[in-house]
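Commentary on secondary and tertiary structure
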Amino acid sequence: MILSDVRLVLPNCVFEHGSIEVKDDKIVKIYDCIVEGNDVIDCKGLIAMPGFIDVHFHGSCGIDFMDASVEDYKQISKSLYEEGITTYLATTLTSDFDSMMKVCRNVKEAKKDNPSLCGIHFEGPYISAKHKGAQNENFIRNPSIDELKEFVKESGFAVKYITLAPEKEGAMDFIKYASSHDVVCSAGHTDASFDDVELAIKNGLTNTTHTHNAMSGHHHRNPGVVTASFYFDELFTECICDKIHVCPNSLKTFYKIVGPDRFMIITDALKAKHSDLEHFNLFGLPCEKKNGAAYLLSGPLAGSLLTMDQGVRNMKEITNASLSELSRISSLNQARCLHLNDRGSLEEGKLADIVLLDENLFVKHVYKNGKEIF
C-alpha cells in the first residue's frame with residue numbers, strides 16, 4: 001500500500017506532495033514526490049502525521065480505567081481512533097492497593113490483542129494532599145518500592161509511568177529505582193520546590209504532569225515545579241490543551257519557553273468523553289460536565305473532555321505551531337519519553353501508525369500497524 005500525494009509531516013520538514021509506502025505493519029519507504037502504480041491510495045488534499053500518543057487520560061465512552069474490564073479496553077481503543085490516538089497509557093487514580101492490582105491484571109490481559117494499549121500510568125497514590133486536586137485523599141501514601149515491584153510483576157511489566165510528589169518521604173530512592181527499571185517518573189500533584197525537582201532529576205525524574213495544574217507554581221522568591229519545568233531541559237512537560245485547565249495566554253507563554261521538543265499534549269480526559277454522561281463518579285468522587293470540562297460537585301476542576309485532535313487544533317490556533325512542531329508535541333515527544341523507538345514519527349522502519357487529516361486538522365483516516373481502523 002502506498003499513500004500518495006499527501007502533505008507528509010516529518011519531525012523537521014514537510015513534503016508538500018509526498019508518499020508513504022507501507023508493507024505489513026511498517027513504513028518501508030518515504031518519498032518526497034507523488035508515486036503512481038498499483039495499490040496506491042490518492043491522498044490529495046490530506047495531511048499525514050504520526051498517530052497521536054496520549055500518555056495521560058482516565059477513560060472514555062463511559063468507562064473508567066479503574067473499573068474497566070478486559071473487554072472494555074477494546075471499546076475504549078475504538079473510541080480513541082476517531083481522534084487519531086494510536087497509542088495510549090491507561091491512567092489510574094489515587095486508590096487502594098487491591099484496586100491498582102486489578103488494573104495491572106486487566107491491562108496485562110488486554111494488551112495481548114490491543115495494539116494501541118501501551119501500558120499503565122499510575123497517577124498517584126504517592127502525591128501531596130495539598131495538591132490532591134480530584135484525587136481521593138484517603139488513599140494517599142508515601143512511595144513504596146515494594147508496592148511498585150508487585151505492580152510491575154502483576155502487570156507483566158506494563159507499568160510505564162508514575163506521577164508522584166518528589167518531596168514525599170522516600171521519593172528519591174523510589175525515583176532512582178523506578179527510572180532504572182524503565183518506569184517514567186513525573187512530578188505532579190506536588191508541592192515540591194525547585195531544589196526538590198533538581199535533586200529528583202539527578203535521581204531519574206524526567207517529566208512533569210499536567211504542568212501548571214495541581215503543583216507548586218512560578219514565584220520569584222519561592223520557585224516551584226512550574227519554574228523548574230521552565231528551566232530544566234531534562235524535563236518533558238505534559239499540558240492539558242483544552243484552553244480551560246490552562247488559559248490560552250499561559251499556554252502560549254509556556255510553549256514559547258519550553259519549545260516543541262519538551263512539550264506534550266495530553267487530554268487528561270475522564271470517562272464522560274465520547275459519552276452522554278452528565279453526572280458520574282471519579283473513584284467515589286461525584287462529578288458533572290459543566291462549561292466544557294468535568295468538575296467535582298464540590299467545585300474544583302476534575303479533568304477534561306478533550307480529544308487529542310482538538311488539542312492539536314487548539315495548539316495551532318494559540319501558538320501558530322508548524323505542522324512539524326505539532327507532530328512532535330502530539331506524538332514524537334511522547335514516544336521519546338516512553339522510549340518507544342518504533343513509533344512517534346513517519347520514518348522508514350517505524351510502525352505504520354498514521355493519521356490523515358484535512359487542512360483544518362480534522363481526522364479523516366487512521367491507520368494502526370498499517371491497517372485502516374478509522
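Considerations on the overall build of the chain
Secondary structure summary: the chain contains 9 helices and 22 strands in total. In summary, the chain has a C-alpha radius of gyration of 20 Å against a globular reference of 21 Å for 374 residues, a match within 12%. By principal-axis analysis of the C-alpha atoms, the chain measures approximately 65 × 45 × 40 Å. Across the 374 residues of the chain, 59% fall into the buried class. In the chain, once contacts between residues fewer than 6 apart in sequence are set aside, the share between residues at least 24 apart is 69%. Taken as a whole, the chain presents about 14,900 Å² of accessible surface, with 47% of it coming from carbon and sulfur.

A closer look at helix α7 (residues 248-258)
Of the positions making up α7, those classed as buried are L251, F254, Y255 and V258. Each buried residue of α7 lies within a common arc of 100° when the element is viewed along its axis, so the set occupies one face. Exposed side chains of α7 directed beyond 90 degrees from the buried face belong to N249 and K256. With its phi angle positive at about 80°, G259 sits one or two positions after the end of α7.

A word on the state of the cysteines
On inspection of all chains with the given rule, the structure shows 0 disulfides. Not engaged in a disulfide, the cysteine C118 finds its nearest cysteine sulfur in C337; these two sulfurs lie 9.6 Å apart. Note on C118: relative accessible area 10%, which makes it buried. Here C247 is not cross-linked by a disulfide; its sulfur's nearest cysteine counterpart is in C239, at 10 Å. On the accessibility criterion, C247 (39% relative accessible area) is partly exposed.

Let's talk about the packing of helix α4 (residues 171-180) against helix α5 (residues 194-203)
At a closest axis distance of 8 Å, the pairing of α4 and α5 adopts a crossing angle of 35°. Relative to α5, α4 is oriented so that their crossing is right-handed. Note on element contacts: α5 touches α4 through D196, L199, A200 and N203, opposite M172, I175, K176 and S179. When the residues that make up the contact of α4 with α5 are grouped by side-chain class, the tally is 4 nonpolar, 2 polar and 2 charged.

Quick notes on the pattern of salt bridges
Side chains bearing opposite charge may pair, as long as their charged atoms lie close to each other. Inspection of the entire model under this criterion finds 18 salt bridges. The closest approach of N and O atoms between E317 and K243, which form a salt bridge, is 3.2 Å. Within this pair, whereas E317 is found in helix α8 (residues 308-319), its partner K243 is found in the loop between β14 (236-240) and α7, the two being separated by 74 residues in sequence. With a relative accessible area of 56%, E317 lands in the exposed category. On the accessibility criterion, K243 (32% relative accessible area) is partly exposed. The partner of D261 in a salt bridge is R328, and the shortest N-O contact between them spans 2.9 Å. Here the residue D261 occupies a position in the loop between α7 and β15 (263-266), and R328 occupies one in helix α9 (residues 323-337), the gap between them amounting to 67 residues.

Considering the sheet that holds β14
If you walk across this open sheet you meet the 8 strands as β6-β9-β10-β11-β12-β13-β14-β15, and the pairing is parallel. The sheet terminates laterally at β6 (52-57) and β15, the two strands that pair on one side only. Of the strand pairs in this sheet, β6 and strand β9 (residues 85-91) are connected by 4 bridges, and their pairing is parallel. Across the sheet, residue D54 finds its bridge partner in β9, namely Y88.

Some remarks on the sheet that holds strand β18 (residues 293-296)
If you trace the 4 strands from one edge of the open sheet to the other, you get β16-β17-β18-β19, paired in antiparallel fashion. Unpaired on one side and paired on the other, β16 (279-282) and β19 (301-304) mark the two borders of the sheet. Across the sheet, the axes of successive neighbouring strands diverge by a mean angle of 35°, strand direction being ignored. The pairing of β18 with β19 spans 3 bridges and is classified as antiparallel. In the sheet register, A293 faces β19, and the bridge partner there is S304.

Structural notes on the pairing of strand β17 (residues 285-290)
In summary, the side chains of a regular strand alternate between the two faces of the sheet. Note that β16 and β17 share 4 bridges and pair antiparallel. Within the sheet, the bridge partner assigned to F280 lies in β17 and is C287. A loop of 2 residues connects β16 with β17, the two strands running antiparallel in sequence, and F283 in this loop sits at a positive phi of about 45°. Bridge analysis of β17 against β18 gives 4 bridges, and the strand direction is antiparallel. Residue C287 lies in a different strand from β18, and its bridge partner there is L296. Taking the residues between adjacent antiparallel strands as the criterion, β17 and β18 are bridged by 2 residues, where N291 takes a positive phi near 55°.

Cut-offs and rules
- Residues numbered from 1 in each chain as written.
- Predicted model: local features only at pLDDT ≥ 70, side-chain atom pairs only at ≥ 80, totals over all residues.
- Heavy atoms only, no water.
- Helix = DSSP H or I, 4+ residues; strand = E, 2+ residues; numbered from the N terminus.
- Rg over C-alpha atoms; globule rule 2.2 N^0.38 Å.
- Buried < 20%, exposed > 50% of the residue type's maximum accessible area, 1.4 Å probe, protein only.
- Contact = heavy atoms within 4.5 Å.
- Areas by Shrake-Rupley, 256 points an atom, 1.4 Å probe, with all protein chains shown as cover.
- Arc of directions from axis to C-beta.
- Disulfide = S-S within 2.5 Å.
- Axes fitted to C-alpha atoms, helices over the stretch in contact; angles between N-to-C directions.
- Left-handed = near helix turned anticlockwise from the far one by under 90°.
- Nonpolar A, V, L, I, M, F, W, Y, C, P; charged D, E, K, R; others polar.
- Salt bridge = Lys/Arg side-chain N within 4 Å of Asp/Glu carboxyl O.
- Pairing = 2+ DSSP bridges.

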